[in-house]
Amino acid sequence: MTTAVFIPDGTAVISGGADKTLRFWTLADGRQARTFTGAVDAITDAAVSADGATLVASSSDKFTRTWNLTTTTPTVAPALNIPHASVVHAVSISANGGRVSTAAEDGVVRVWDVASGRELQRFSQHEGGVLSVALAADGKKLVSGGADKTAQVASIAAEKLFVAGETKLGDAVFLSDGSAVATSGSDKQVKIWDADGKPIRQLSGAAVELARLAIRGDGMQIAAADSEGRLFLWSATDGKLQ
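From a predicted model like this one, the values you see are computed outputs, not experimental measurements. Numbers given to residues run from 1 along each chain, matching the order in which its sequence is written. Where local features are concerned, this predicted model is filtered to residues with pLDDT of at least 70; where side-chain atom pairs are given and counted, the filter is 80 or more; whole-chain, interface and lining totals use all residues. Here the side-chain values reflect all heavy atoms present in the structure, with hydrogen atoms and water set aside.

(A) Region of interest: the overall build of the protein chain. Helix and strand labels come from DSSP, where a helix needs a run of H or I of at least four residues and a strand needs a run of E of at least two; each type is numbered from the N terminus. Scanning the protein chain from terminus to terminus reveals zero helices and 23 strands. As defined in this context, the radius of gyration uses C-alpha atoms, and a globule is described by 2.2 Å times the residue total to the power 0.38. Taking 2.2 N^0.38 as the reference for a compact globule, 242 residues should give roughly 18 Å; the C-alpha atoms of the protein chain span a radius of gyration of 22 Å, well beyond that estimate. For the exposure calls, accessible area comes from a 1.4 Å probe over protein chains only, and a residue counts as buried if that area is under 20% of its type's maximum, exposed if over 50%, partly exposed in between. Classification of the 242 residues of the protein chain by burial places 45% in the buried group. Approximately 12000 Å² of the protein chain is accessible, and the part contributed by carbon and sulfur atoms is 53%. Positive and negative side-chain charges of the protein chain, numbering 23 and 26 respectively, have mean locations separated by a distance of 2 Å. All accessible areas in this document rest on Shrake-Rupley with a 1.4 Å probe, and a residue is counted as covered only by the protein chains that are shown. Counted as positive: Lys and Arg. Counted as negative: Asp and Glu. His and the chain ends are not counted at all. We put the charge of a Lys on NZ, of an Arg on CZ, of an Asp on CG and of a Glu on CD.

Structure representation (structure tokens):
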């Protein structure tokens, strides 16, 4: 066995090891209630989100995986597989389950967005493998320990990542009051998103790829230039092309 972690209510322990499997043990009767599969090499570390909904584990197979802990079937497959360039030694998860940090043999600590599986930020200050990592409860800082005999604290600058479309983006700007974001791109639309990355509105009318955006100082109008030199102007209030 290489790792063991309590679930938040203290009624069970999850263990993992060289057999490539994570096992859920109920403490009242010592029964194995569930197994979490997917790893193809030894489990190196595991963590559970404070809300008890997400299990995350690292492995010698160069992957970090997450599982839905609310699933009650006897065998649970991964919800997310995150590939790495080298063996992953340690893992941590934020209290709300939204972020995962990993420590790897390549000397890099990475922070991941769980919803999208994308890398938010990386830290490469260690010399040699990074052997441990822990996220602060608010997900804004982490501490890591390495083979170089140092413990390092880092601040996480990335606040939010969301997928803003199926095509490449030409521009992304804040609206004047900072409450929302506007994006443009090769899908010929301007899209407005709230601070959590939820779509609010789409501004249509362009026939080709849109590039740069501009927001009027009072926030009442949005301008975009297309790839053929045309300028489009929309009302920020009702989204109508003007």
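(B) Geometry of the packing of aromatic side chains. For Phe, Tyr and Trp, where Trp contributes only its six-membered ring, two rings pair if their centres lie within 6.5 Å, and the inter-plane angle classes them as stacked under 30 degrees, edge-to-face over 60, or tilted in between. Evaluation of the coordinates by the stated rule reveals two aromatic pairs. Ring geometry for F36 and W67: centres 6.3 Å apart, planes at 70 degrees, overall edge-to-face. Within this pair, whereas F36 is found in strand β4 (residues 31–36), its partner W67 is found in strand β7 (residues 63–68), the two being separated by 31 residues in sequence. Side by side, F36 and W67 carry an identical accessibility label, which is buried. We note R34 situated over the ring of F24; from NZ or CZ to the ring centre the distance is 4.1 Å. Any Lys NZ or Arg CZ found within 6 Å of a ring centre and within 35 degrees of that ring's normal is scored as a charge over the ring.

(C) Structural detail: the pattern of salt bridges. Within this document, salt bridges are pairs made up of a side-chain nitrogen of Lys or Arg and a carboxyl oxygen of Asp or Glu, the two lying within 4 Å of each other. Per the stated rule, a full pass over the model turns up nine salt bridges. Note that D106 and R110 form a salt bridge whose closest N and O atoms lie 3.0 Å from each other. Linking D187 and K191 is a salt bridge whose minimum nitrogen-to-oxygen distance equals 2.9 Å. Salt bridges sharing partners connect three or more residues here, namely D106, R110, E119 and R122.

(D) How the structure looks around the nonpolar core. Working definition of a nonpolar core: buried Ala, Val, Leu, Ile, Met, Phe, Trp, Tyr and Cys residues. They are joined through side-chain atoms within 4.5 Å. Counting residues in hydrophobic clusters, the biggest one holds 16 residues, and the most contacted among them are I14, L22, F24, F36, L55, W67 and L69. The greatest single-element share of this core, amounting to three residues, is contributed by strand β5 (residues 43–48). In what follows, residue pairs with any heavy atoms lying within 4.5 Å of each other are defined as contacts. If sequence neighbours within four positions are ignored, L22 has contacts with I14, S15, G16, R34, T35, F36, I43, A46, L55, A57 and W67. Counting 14 residues, the second largest nonpolar core, distinct from the first, contains V173, A180, I192 and W234.

(E) Region of the structure containing the environment of W67. Owing to a relative accessible area of 2%, W67 belongs among the buried residues under this scheme. With near-sequence residues (within four places) excluded, W67 lies in contact with L22, F36, T37, A53, T54, L55, V56, A57, V76, A77, P78 and A79.

(F) Summary view of the environment of A12. Along the chain, the position of A12 falls in strand β2 (residues 12–16). Placed 19 residues apart in sequence, A12 and R31 show a C-alpha to C-alpha distance of 9.5 Å.

(G) Broad picture of the sheet that holds strand β8 (residues 75–76). The sheet built from five strands is open, its strands ordered β1-β2-β3-β4-β8 with mixed pairing. In the strand order of this sheet, the two ends are held by β1 (3–6) and β8, each with one partner. Pairs of strands are assigned from DSSP output, requiring at least two bridges between the strands. Both β2 and strand β3 (residues 22–26) contribute to a ladder of five bridges, which runs antiparallel. Across the sheet, residue A12 finds its bridge partner in β3, namely T26.

(H) Spatial organisation of the sheet that holds strand β10 (residues 88–93). On the basis of which strands lie adjacent, the open sheet formed by four strands has the order β10-β11-β12-β13 and antiparallel pairing. Edge strands, defined here as strands with exactly one partner in the open sheet, are β10 and β13 (118–123). If you compare each strand with its neighbour and ignore which way they point, the axes differ by 25 degrees on average. In this description, a line fitted to the C-alpha atoms serves as the axis of each element, helices being fitted only across the stretch in contact, and the angle between N-to-C directions of two axes falls anywhere from 0 to 180 degrees.

(I) Seen up close, unusual backbone geometry. One non-glycine residue with positive phi stands out, namely K20, at about 70 degrees. Relative to the helices and strands, K20 is located in the loop between β2 and β3. Not every positive phi belongs to a glycine, and K62 is a case in point at roughly 75 degrees. Within the element layout of this structure, K62 appears in the loop between β6 (54–59) and β7.

(J) Inspection of the environment of H126 at higher detail. With respect to the helices and strands, the residue H126 is situated in the loop between β13 and β14 (130–135). Taking the C-alpha atoms as reference, H126 lies 6.6 Å from D148; in sequence the two are 22 residues apart. Beyond its immediate stretch of four places on either side in the chain, H126 contacts G107, V109, S144, G145, G146, D148, T150 and Q152. Throughout this description, a polar contact denotes any pair of N or O atoms lying within 3.5 Å of each other; where both atoms belong to protein, one of them has to be capable of donating a hydrogen while the other can accept it, and for residues adjacent in sequence the pair is counted only when both atoms sit in side chains. Side-chain polar atoms of H126 contact the side chain of T150, separated by 3.3 Å.

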